[in-house]
Amino acid sequence: MAMLWKFMRVTKCSKPALSPKVKMKGIPTYSRHSSSKSVPSDLATSTPCSNTVELLGRTYPQDDYSNVTEKILSKVGKNLHNQKHHPLWLLKEQVKDHFYKHYTGRRGTPLFSVYDSLSPVVTVQQNFDSLLVPPDHTSRRKEDNYYLNRDHMLRAHTSAHQWDLIHSGLDAFLAVGDVYRRDTIDSTHYPVFHQMEGVRLFSCHELFSSVEDREGLRLFERGHRTAHKQQCHTTEAVRLLEFHLKQVLTRLMTHLFGDGLQVRWVDCYFPFTHPSFEMEINFQGEWMEVLGCGVMEQQLVNSAGAEDKIGWAFGLGLERLAMILYDIPDIRLFWSQDERFLKQFVVPHVWQKIKFQPLSRYPPLINDISFWLPSETYSKNDFYDLARTVGGDLIEEVVLVDEFTHPK
């Protein structure tokens, strides 16, 4: 059998401690070849079904899909977005404040309700099936997600709560929380980050209330699906809904970044919206993608029990916006317990302007590692998880320098 040789460049760091909130049972070590030396790992990709993980007060049996690591489990329950004066908390509060003040009901109460303490452990049905993600879609891969077992996982997006919240009777809400995706190691990627989900549903009366001559206007029809609308939506409804969505998001970004902000919209694809868009802003001369959004798939809305309504949804990453707003150069700094970092965000009100001041200018320490791996079972995210488990957040970057396949 041919063997694949990998040469990776990493930094050398100490091993992090496991959070006392997390208990791992019966997870064996599993080795990789590195200079003829076994390296222990906390990966659980081949754990027997009898083993379990205890997380947030519940016990989950493990199976052949289980791949969550100690390092990742130690992040569950940290809820950086709910820690007062944390930069992610500040940004969440700014967005909440904007929606509370600018969108109110008939009695002057906030139109949007906020949910920021929902459990990050969800079912595969919640994370994928309820959002119409096809069974063979690449976003379901073990290489990209953290599975507790075949049925449960750490949510990959806050959209996992869309169906449940709509089914409960809500038609305007923001959902905020930590999400988990296996990813590369560098200054802009981290396997745990935070998202905010926004959803707004409209009845026919609500959507067309501002139209003078609205007699005969409808939300639904029996038509054809095109690049610009779903087959069940009228052109008038989609145009007005799309205008409202883009207006709401443009106002939000202008409120965060200031007047004169340049915005552009890029057509894209999401399984749970159509049409779908990515919003880009021009910040300091550079176009940056800041969120995804679109008209919700009516099949999703109908299955959640809101058959007489049409709606839009958006999702944004808090870290990405906070890095731009506060000039934070490295995503891993959000997990820092260094007072020199945290005290910079202790401010009297959430809208105060903040510019992050660097903590250290020491050069990085570079280490080279080479090892053999069976090519048919190797995933680069397996190595990234191993590096994070051993070295923690002090590992700044992992780069593949060279590879060689033995001919035998």
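See the structure printed just above.
Scoring rules and cut-offs
- Here the residue numbers are simple positions, counted from 1 along each chain's written sequence.
- Totals for whole chains, interfaces and linings use every residue, but because this is a predicted model, local features are given only for residues with pLDDT of at least 70 and side-chain atom pairs only at 80 or more, for both listing and counting.
- For the side-chain quantities, the full set of heavy atoms in the structure was used; hydrogens and water were omitted.
- Here an angle of 0 to 180 degrees is reported between the N-to-C directions of two axes, which are lines fitted to C-alpha atoms, with helices fitted over the stretch in contact.
- Counting from the N terminus, the helices are DSSP H or I runs at least four residues long and the strands are E runs at least two residues long.
- Roughly parallel means an angle under 35 degrees; roughly antiparallel means over 145; roughly perpendicular covers 65 to 115; every other angle is labelled oblique.
- Handedness of a crossing is defined here by the sense of rotation of the near helix relative to the far one, left-handed for an anticlockwise turn of less than a right angle and right-handed for a clockwise turn.
- Pairs of residues are marked as contacts when any of their non-hydrogen atoms sit within 4.5 Å.
- Under the scheme applied, nonpolar residues are Ala, Val, Leu, Ile, Met, Phe, Trp, Tyr, Cys and Pro; charged residues are Asp, Glu, Lys and Arg; polar residues are all the others, including Gly.
- Expected span, for any helix, means 1.5 Å times one less than how many residues it has.
- Three exposure classes are used, based on accessible area relative to the maximum for each residue type with a 1.4 Å probe and protein chains only: buried under 20%, partly exposed in between, and exposed over 50%.
- Centre distance within 6.5 Å is the pairing criterion for rings of Phe, Tyr and Trp, where only the six-membered ring of Trp is used; planes under 30 degrees apart are then read as stacked, over 60 as edge-to-face, and the remainder as tilted.
- Here, a charge over a ring is recorded when the distance from Lys NZ or Arg CZ to the ring centre is within 6 Å and its angle to the ring normal is within 35 degrees.

**Some words on the packing of helix H2 (residues 87–102) against helix H6 (residues 235–257)**
Thinking step 1. Packing of H2 against H6 leaves a shortest axis separation of 11 Å and a crossing angle of 125°. By the criterion of interaxial angle, the relationship of H2 to H6 is oblique. Between H2 and H6 lies a crossing of right-handed hand. Residues Leu91, Gln94, Val95, His98, Phe99 and His102 of H2 touch H6, and the partners they reach there are Val248, Arg251, Leu252, His255 and Leu256.
Thinking step 2. Looking at the contact of H2 with H6, its residues break down into six nonpolar, four polar and one charged.

**A few points about helix H10 (residues 380–391)**
The α-helix winds at 3.6 residues per turn, so residues separated by three or four positions along the chain end up facing the same way.
Thinking step 1. Between the first and last C-alpha of H10 there are 16 Å, a value that for 12 residues agrees with the 16 Å anticipated at 1.5 Å per step.
Thinking step 2. With 10 of 12 residues buried, H10 lies mostly within the body of the structure.
Thinking step 3. Looking at the residues trailing H10, positive phi occurs at glycine 392, about 65°.

**Looking at the packing of aromatic side chains**
Thinking step 1. Tallying each qualifying case throughout the model produces 13 aromatic pairs.
Thinking step 2. On the numbers, 4.9 Å between centres and 70° between planes, the contact of phenylalanine 99 with phenylalanine 112 is edge-to-face. Taken together, the residues phenylalanine 99 in helix H2 and phenylalanine 112 in the loop between H2 and strand E7 (113–115) connect sequence positions 13 residues apart.
Thinking step 3. Since its relative accessible area comes to 1%, phenylalanine 99 is described here as buried.
Thinking step 4. The buried category is assigned to phenylalanine 112, whose relative accessible area is 4%.
Thinking step 5. An angle of 75° between the planes, with centres 6.0 Å apart, marks the rings of tyrosine 103 and phenylalanine 112 as edge-to-face. Each member of the pair, tyrosine 103 as well as phenylalanine 112, is classed as buried.
Thinking step 6. Through a chain of ring-to-ring contacts, the aromatic side chains of Phe99, Tyr103, Phe112, Trp312 and Phe314 assemble into a single cluster.
Thinking step 7. The residue whose ring lies beneath lysine 75 is tryptophan 335, and the NZ or CZ to ring-centre distance is 4.4 Å.
Thinking step 8. Taking the ring centre of phenylalanine 202 as reference, the NZ or CZ of arginine 200 above it sits at 4.2 Å.

Taken by themselves, the reported measurements are silent on function.
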